[in-house]
Amino acid sequence: MRLDELPAGIDAVIDHIDHRGAADAVARRLGELGFVPGEPLRIVASGPFGGDPLAVKIGFTRFALRRSEASRVILRDAP
């Protein structure tokens, strides 16, 4: 499942980031922000029109991601 498909309020764990090329700036930046494998996260809110952006909580930090950016974050299958 991709992060942009995760319902709000459900906990998930990052499996990996979808790299789209050797010098993928978006994937690199997501990693720098803390979107790394094994990290738990949750969508806490979404924008009113089309659900863009998504407010994502990792630890005590919240990030606003566009749905196109969130679609790059691949989540682990639920046990």
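Keep in mind that this is a model prediction, so the values were computed, not measured. (Residues numbered from 1 in each chain as written. Predicted model: local features only at pLDDT ≥ 70, side-chain atom pairs only at ≥ 80, totals over all residues. Heavy atoms only, no water.)

**Points about the side chain of Ser71**
Moving on, step 1. Following the sequence through the fold, Ser71 ends up in the loop between α2 (67-70) and β5 (73-75).
Moving on, step 2. The buried category is assigned to Ser71, whose relative accessible area is 13%.
Moving on, step 3. Among residues more than four places away in sequence, those in contact with Ser71 are Arg2, Asp4 and Arg20. (Helix = DSSP H or I, 4+ residues; strand = E, 2+ residues; numbered from the N terminus. Buried < 20%, exposed > 50% of the residue type's maximum accessible area, 1.4 Å probe, protein only. Contact = heavy atoms within 4.5 Å.)

**Notes on the UniProt feature "domain: Ferrous iron transporter FeoA-like" (unreviewed entry) in the protein**
Moving on, step 1. In the numbering adopted here, UniProt assigns the feature "domain: Ferrous iron transporter FeoA-like" (unreviewed entry) to residues 1-77.
Moving on, step 2. Within residues 1-77, the helical portion is 17% and the strand portion 35%, while the C-alpha atoms at the span's ends are 7 Å from each other. (UniProt positions renumbered as here; feature names shortened; annotations may be inferred.)

**Details of the nonpolar core**
Moving on, step 1. Ranked by internal contacts, the top residues of the largest apolar core, which has 18 residues, are Leu3, Phe35, Leu41, Val56, Val73 and Leu75.
Moving on, step 2. Among the secondary structure elements, those contributing two or more residues to this core are β1 (11-17), α1 (25-33), β2 (40-46), β3 (54-58), β4 (61-65) and β5.
Moving on, step 3. For Leu3, the residues in contact, after removing those within four places along its chain, are Phe35, Leu41, Ile43, Val56, Leu65, Ala70, Val73 and Leu75. (Core = buried A, V, L, I, M, F, W, Y, C linked by side-chain atoms within 4.5 Å.)

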